[in-house]
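Each chain, written out:
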Amino acid sequence: MKPSLFVVGLPLVIGGCASTLPPDVVASSAAVEQPSPRPLTYRSPVSGYVARQPVDPKPWRRQNDLQSPAKGDAS
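Just so it is clear, the model here is predicted, and its values are computed rather than measured. (Residues numbered from 1 in each chain as written. Predicted model: local features only at pLDDT ≥ 70, side-chain atom pairs only at ≥ 80, totals over all residues. Heavy atoms only, no water.)

A word on the overall build of the chain. When its secondary structure is counted, the chain shows 3 helices and 0 strands. Here the chain holds 75 residues, and 0% of them are scored as buried. Taken as a whole, the chain presents about 8,300 Å² of accessible surface, with 61% of it coming from carbon and sulfur. (Helix = DSSP H or I, 4+ residues; strand = E, 2+ residues; numbered from the N terminus. Buried < 20%, exposed > 50% of the residue type's maximum accessible area, 1.4 Å probe, protein only. Areas by Shrake-Rupley, 256 points an atom, 1.4 Å probe, with all protein chains shown as cover.)

In this section: helix H1 (residues 3–16). End to end, H1 covers 20 Å across 14 residues, agreeing with the expected 20 Å (1.5 Å per residue, within 8%). Approximately 30 degrees is the largest bend angle found in H1, and it occurs at Gly-9, with the proline Pro-11 only one to four residues beyond. Burial analysis of H1 places just 0 of its 14 residues in the buried class, a small minority of the element. (Expected span 1.5 Å × (residues − 1). Bend = angle between axes of the 7 residues up to and from the residue.)

Nonpolar side chains collect at one region of the surface, where Val-7, Val-8 and Leu-12 lie side by side and expose about 320 Å² of accessible area between them. With respect to the element layout, Val-8 can be found in helix H1. (Patch = residues over 30% accessible without salt bridge, like charges linked within 9 Å, V, L, I, M, F, W, Y side chains within 5 Å. Salt bridge = Lys/Arg side-chain N within 4 Å of Asp/Glu carboxyl O.)

What follows is the structure, encoded as structure tokens:
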């Protein structure tokens, strides 16, 4: 057999036969005692939808005059 099979396979076999788990895998008692967060309430994805219809364009000159400075001051 190839030596690389032993290099990879032997640690896997020995690691699988371990009788104790590392401390990172075992759940701690502090994590178990914490209350779980409140479940989220269902909110429909279309709940805020507002129907809009296309409209004809309005004259732009009046809109421009309303937003321009009073005396036509150059910026």
